[in-house]
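Geometric and topological summary
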Amino acid sequence: MAKDIAVPELDTVPVHVGVIMDGNGRWAKKRGLPRKFGHREGVKTFRAITRRAKQLGIKYITFYAFSTENWKRPKDEVDSIMALFEKNLDEVKDFIDEEIRVRFIGDRTALSETLREKMRNTEESSKHFTDTTMILAINYGGQDEICNAVKRISEKVKNGEVDTSEITTEMITEHLYTEDIPPVDYIIRPSGEMRLSNFMIWQAAYAEYYFTNILWPDFSVADFDKAIKEYGDRSRRFGGV
Ligand code: FPP
């Protein structure tokens, strides 16, 4: 548990960390178990890392839990991931006890009404917490998000609310699911894959990356501390010198 390991003193922590929870399937396969066991184990890591993020003073942490492309997986696996969301939103009370704000990004229209209601309730009951916000990306795709923003801005142009000359990068940012959330500074991807997989492609314009071969269910609080420490050594120039 996160509480058992001393919290390191860090001079610099990223404001917004993104995590691509990858390797659950391989973790299960290595043990001869169905993939859904890997996802179940991955939830334990997700909970421990969320708590640690708060202890380290990280303001925003976004987890990529289900992408717009993940519907292509076998129905049994999709159903088990959806069931995990529902179960964990019932248990999210722990996060509320720990004063962590919970938000969701992604297209909710394809999700069950039960899940959507739980998402709304969780957001509502945690909205007054200000230290750390945990954002769960469910049915999320960066291209889909940008497409949605373009449609909404186009409607405003059509209605005469906005002139095309007024469209700026800031305006696009404000029409994303992350409208009021700062850009992502640091993206952690375990399991040895080195790609973004349609995760916050707009918000990651100047993000730093951290890759490790550890599979997500095995990714520990100590591994997270190590990744966050390494961020402090990065030199970010945002296109300057
Ligand atoms: C990627 O690993 C993981 C997913 C697509 C699902 C992640 C979902 C969870 C951890 C459950 C989330 C639930 C809550 C409440 C946060 P993979 O299956 O692609 O792994 P592989 O590359 O080894 O096959």
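All values derive from a computational prediction rather than experimental measurement. (Residues numbered from 1 in each chain as written. Predicted model: local features only at pLDDT ≥ 70, side-chain atom pairs only at ≥ 80, totals over all residues. Heavy atoms only, no water.)

1. Quick look at helix α6 (residues 142-158)
With 17 residues, α6 extends 24 Å between its outermost C-alpha atoms, agreeing within 8% with the 24 Å of an ideal straight helix rising 1.5 Å per residue. All of the buried residues along α6 are Gly 142, Glu 145, Ala 149 and Ile 153. All buried residues of α6 lie within an arc of 65° about the axis, which places them on one face of the element. For α6, the exposed residues lying more than 90 degrees away from the buried face are Gln 143, Lys 151 and Lys 158. Residue Gly 160 follows α6 closely and has a positive phi angle near 85°. (Helix = DSSP H or I, 4+ residues; strand = E, 2+ residues; numbered from the N terminus. Expected span 1.5 Å × (residues − 1). Buried < 20%, exposed > 50% of the residue type's maximum accessible area, 1.4 Å probe, protein only. Arc of directions from axis to C-beta.)

2. Considerations on the pattern of salt bridges
A side chain of one charge can pair with a side chain of the opposite charge if their charged atoms are brought near each other. Per the stated rule, a full pass over the model turns up 21 salt bridges. Here Glu 155 makes a salt bridge to Lys 158, at a shortest N to O gap of 3.6 Å. Taken together, the residues Glu 155 and Lys 158, both in helix α6 and three residues apart, mark about one turn of the helix. Relative accessible area serves as the criterion here: at 64%, Lys 158 is assigned to the exposed category. (Salt bridge = Lys/Arg side-chain N within 4 Å of Asp/Glu carboxyl O.)

3. As for the sheet that holds strand β1 (residues 16-20)
Read across the open sheet, the six strands follow the order β3-β4-β2-β1-β5-β6; overall the sheet is parallel. Looking at strand neighbours, the two that pair on one side only are β3 (100-105) and β6 (208-211), the edges of this open sheet. Between one strand and the next, the sheet's axes are offset by a mean angle of 20°, whatever the strand orientation. Examined bridge by bridge, β3 and strand β4 (residues 132-140) share six bridges and lie parallel to one another. Following the sheet pairing, Arg 101 is matched in β4 by Thr 133. This element, helix α8 (residues 221-231), spans β1, β2 (60-67), β5 (186-189) and β6 of the sheet and lies at about 145° to β5. (Pairing = 2+ DSSP bridges. Axes fitted to C-alpha atoms, helices over the stretch in contact; angles between N-to-C directions. Contact = heavy atoms within 4.5 Å.)

4. Topic: the packing of helix α2 (residues 35-56) against α8
Direction vectors running N to C along α2 and α8 enclose 45°, while the axes themselves pass 10 Å from each other. It follows from the interaxial angle that α2 and α8 lie oblique. Our pair here, α2 against α8, has a crossing hand that is right-handed. Residue-level inspection shows Ala 48, Ile 49, Arg 52, Ala 53 and Leu 56 of α2 in contact with α8, the latter providing Val 221, Phe 224, Asp 225 and Ile 228. Of the residues in the contact of α2 with α8, the class split is seven nonpolar, no polar and two charged. (Parallel < 35°, antiparallel > 145°, perpendicular 65-115°, else oblique. Left-handed = near helix turned anticlockwise from the far one by under 90°. Nonpolar A, V, L, I, M, F, W, Y, C, P; charged D, E, K, R; others polar.)

5. Details of the packing of aromatic side chains
Enumeration according to the criterion identifies 13 aromatic pairs in this entry. Pairing Tyr 209 with Phe 211 gives two aromatic rings, centres 6.0 Å apart and planes at 5°, and the pair type is stacked. Classification of Tyr 209 by relative accessible area gives partly exposed; the value is 30%. Its relative accessible area of 32% is what places Phe 211 among the partly exposed residues. Here the aromatic cluster, defined as three or more aromatic residues joined through ring pairs, consists of Phe 46, Phe 63, Phe 95, Trp 216 and Phe 219. (Phe/Tyr/Trp six-rings, centres within 6.5 Å; stacked < 30°, edge-to-face > 60°.)

6. So, the nonpolar core
The biggest cluster of nonpolar side chains holds 41 residues, and the ones touching the most others in it are Phe 46, Ile 61, Phe 63, Met 134, Ile 188 and Phe 224. Contacts of Ile 61, omitting those with residues within four sequence positions, involve His 16, Val 17, Val 19, Ile 49, Ala 53, Thr 133, Met 134, Ile 135 and Phe 224. (Core = buried A, V, L, I, M, F, W, Y, C linked by side-chain atoms within 4.5 Å.)

7. Regarding the site of the ligand
What surrounds the ligand is a group of 16 residues, the closest being Met 21, Gly 25, Arg 26, Arg 35 and Arg 73. Separating an oxygen atom of the ligand from a backbone N or O atom of Gly 23 is a distance of 3.3 Å. Note that an oxygen atom of the ligand is positioned 3.2 Å from one of the backbone N or O atoms of Asn 24. Against a free-state accessible area of 630 Å², the protein chains account for coverage of 91% of the ligand. Put simply, the parts of the chain that give the shell around the ligand at least two residues each are α1 (24-30), α2 and α3 (75-90). (Near = heavy atom within 4 Å. Polar contact = N/O pair within 3.5 Å; in protein donor to acceptor, adjacent residues only side chain to side chain. Areas by Shrake-Rupley, 256 points an atom, 1.4 Å probe, with all protein chains shown as cover.)

8. Describing the pairing of β1
Within β1, five of the five residues are buried, which leaves it mostly tucked inside the rest of the structure. Burial along β1 is two-sided: His 16, Gly 18 and Ile 20 facing one way and Val 17 and Val 19 facing the other are all buried. As judged from the five bridges shared by β1 and β2, these two strands associate in the parallel manner. Across the sheet, Gly 18 pairs through a bridge with Thr 62, a residue of β2. Pairing geometry for β1 and β5, over three bridges, is parallel.

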